[in-house]
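Below are the chains, spelled out letter by letter.
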Amino acid sequence: MRGLIVLGFALSACTPALDWRELRPEGSQARLMFPCKPANHARRVAIAGETVEMSMFACSAGETVYALSFADMKDPARVGAALDELARAAQSNLQSAERAASDPAKVAGMTPHAQSAQWRLAGRLPDGRAVQERVVLFSHGTRVYQATMLGAKLNDEAQDTFFGALRVGP
C-alpha cells in the first residue's frame, strides 16, 4: 500500500495548473473530477486475505496528489475487512504519532457500510517531508474505494471539488 502513495507523491514532480475534468475510471463504476490528467496504475495486492488487482488513477497539480484506488473483493463478506485494512494502511503511511478520528463517508451511490469513513491526517512521508492527507474509504457492492488528496497543505476549495464530485453506480 505504501508504494501506491509514494508512487502518487512521486508524480508531483511536474505540477500543471488546476484544470478540472470529469473522469469515469474504467472498471470502477466511479465518476469524479480530477484537476489534472491522471495516470492509471494497477497491481496485485494482498488485502483482507485475498490477492486482488488494485487500480489507481492519480495525478499531481499544485503540489497535491489526487488519487482514486479501487479493488473488487468479489465476496461481500470481505468488504469490511478490506476497508479496515485500507484505513490502517493510510494512517500508518504518514508515520503520524496521533490516532486520527474518522467521520462518516458520504459518497453518492455508495453502499452503506459501517467501515466506510473519512480521515484528515497529518504526518511525514518516508523522506521526512511533512504532509496533510484526506482519505475517503467507501464501497459499492463488492468494490472498495479509496479517494485521496495528499500534499504539504491541502486547499479547501480543491477538496470540495474533488470529494464533492465523487459518485458511484451506474
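Caption draft 1: Looking closely at the overall build of the protein chain. If you tally the helices and strands in the protein chain, you get three helices and 10 strands. Shown N-terminal to C-terminal, the secondary structure of the protein chain runs as helices and strands in the order α-β-β-β-β-β-α-β-β-β-β-α-β. Taking the intrachain contacts of the protein chain between residues at least 6 apart in sequence as the baseline, contacts between residues at least 24 apart amount to 56%. Element-wise, carbon and sulfur atoms account for 49% of the exposed surface of the protein chain, whose accessible area totals about 8400 Å².

Caption draft 2: View of the environment of K153. Note that K153 resides in the loop between strand 9 (143–151) and helix 3 (156–164). The exposed category is assigned to K153, whose relative accessible area is 65%. K153 sits 90 residues away from E63 along the chain, and the two C-alpha atoms are 8.5 Å apart.

Caption draft 3: Structural detail: the sheet that holds strand 2 (residues 30–34). Spatially, three strands are ordered 1-2-10 in an open sheet, and the strand pairing comes out antiparallel. Strands with a single pairing partner mark the edges of an open sheet, and in this sheet they are strand 1 (21–23) and strand 10 (167–168). As defined by bridge partners, strand 2 adjoins strand 10 across two bridges and the pair is classed as antiparallel. What sits directly across from R31, in strand 10, is R167.

Definitions and limits used
Residues numbered from 1 in each chain as written. Predicted model: local features only at pLDDT ≥ 70, side-chain atom pairs only at ≥ 80, totals over all residues. Heavy atoms only, no water. Helix = DSSP H or I, 4+ residues; strand = E, 2+ residues; numbered from the N terminus. Contact = heavy atoms within 4.5 Å. Areas by Shrake-Rupley, 256 points an atom, 1.4 Å probe, with all protein chains shown as cover. Buried < 20%, exposed > 50% of the residue type's maximum accessible area, 1.4 Å probe, protein only. Pairing = 2+ DSSP bridges.

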